[in-house]
Amino acid sequence: MALQDTLKALSDPIRRDILNLLKKGRMSAGDIADRFPVTGASISRHLSVLKEADLIRDTREGKYIYYELNASVLEEIMLWITALKGDIENDEEK
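Reading the values: rules and limits
Residues numbered from 1 in each chain as written. Predicted model: local features only at pLDDT ≥ 70, side-chain atom pairs only at ≥ 80, totals over all residues. Heavy atoms only, no water. Helix = DSSP H or I, 4+ residues; strand = E, 2+ residues; numbered from the N terminus. Rg over C-alpha atoms; globule rule 2.2 N^0.38 Å. Buried < 20%, exposed > 50% of the residue type's maximum accessible area, 1.4 Å probe, protein only. Contact = heavy atoms within 4.5 Å. Areas by Shrake-Rupley, 256 points an atom, 1.4 Å probe, with all protein chains shown as cover. Axes fitted to C-alpha atoms, helices over the stretch in contact; angles between N-to-C directions. Parallel < 35°, antiparallel > 145°, perpendicular 65-115°, else oblique. Nonpolar A, V, L, I, M, F, W, Y, C, P; charged D, E, K, R; others polar. Phe/Tyr/Trp six-rings, centres within 6.5 Å; stacked < 30°, edge-to-face > 60°. Lys NZ or Arg CZ within 6 Å of the ring centre and 35° of its normal.

Undergrad: Explain the overall build of the chain to me, please; I cannot follow it from the model alone.
TA: Check the secondary structure of the chain and you find five helices and three strands. Counting helices and strands in the order they occur from the N terminus, the chain gives α-α-β-α-α-β-β-α. For 94 residues, the compact-globule formula gives about 12 Å, and the C-alpha radius of gyration of the chain, at 16 Å, lies well above that figure. Expressed along its principal axes, the backbone C-alpha trace of the chain runs to roughly 60 × 25 × 25 Å. Expressed as a percentage of its 94 residues, the buried residues of the chain come to 27%. Sequence-distant contacts, at least 24 apart, represent 49% of the contacts inside the chain between residues at least 6 apart. A total of about 6,400 Å² of accessible surface is found on the chain, and carbon and sulfur atoms cover 53% of it.

In structure tokens, the structure reads:
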């Protein structure tokens, strides 16, 4: 189920853009929302989907919530895709 959640989360272009923003470092929810032409509620939902897929983590500091990338899940997905690709290449060589 975790892989399915991760792929669902990655399927949306806004969520991929949020992940790209977080590559540079942690950001507050407000700073993330300021980068997109959608409502704050929409960004909140995107952040929830990313969090449910364990692609990001959040930390509350006072009245602000900061988000950061959870690279370990991305690494697991990359390893799985690489292994899958390797199996396809091996099949083509036969």
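Undergrad: Would you take a moment to explain the packing of helix α2 (residues 13-23) against helix α4 (residues 40-52) for this structure?
TA: Relative placement of two packed helices is described by the angle separating their axes and the distance separating the axes. Between α2 and α4, the least distance of the axes is 10 Å, while the angle of their chain directions is 75 degrees. The orientation of α2 relative to α4 falls into the category roughly perpendicular. Within the contact between the two elements, α2 uses Ile14, Arg15, Ile18 and Leu19 and α4 uses Ile43, His46, Leu47, Val49 and Leu50. The residue makeup of the contact of α2 with α4, split by class, is seven nonpolar, one polar and one charged.

Undergrad: Could you clarify how one ought to interpret the environment of Pro37 in this entry?
TA: By the element assignment, Pro37 lies in the loop between α3 (29-33) and α4. Sequence separation between Pro37 and Thr59 is 22 residues, and the spatial gap between their C-alpha atoms is 24 Å.

Undergrad: Quick question: what am I supposed to make of the side chain of Thr6 here?
TA: Mapped onto the elements, Thr6 comes out in helix α1 (residues 2-10). Here Thr6 falls in the buried class, since its relative accessible area comes to 3%. Apart from residues no more than four positions distant in its own chain, Thr6 is found in contact with Ala53, Leu55, Val73 and Ile77.

Undergrad: Help me out: how do you make sense of the packing of aromatic side chains in this one?
TA: Aromatic rings considered in pairs are described by the distance between their centres and by the relative angle of their planes. Using the criterion set out here, one finds one aromatic pair in the structure. Ring geometry for Tyr64 versus Tyr66: centroids 6.5 Å apart, planes at 50 degrees, classification tilted. On the basis of relative accessibility, which here comes to 43%, the residue Tyr64 falls in the partly exposed class. If you follow Arg26 out to its NZ or CZ, it ends over the ring of Tyr66, 4.1 Å from the centre.

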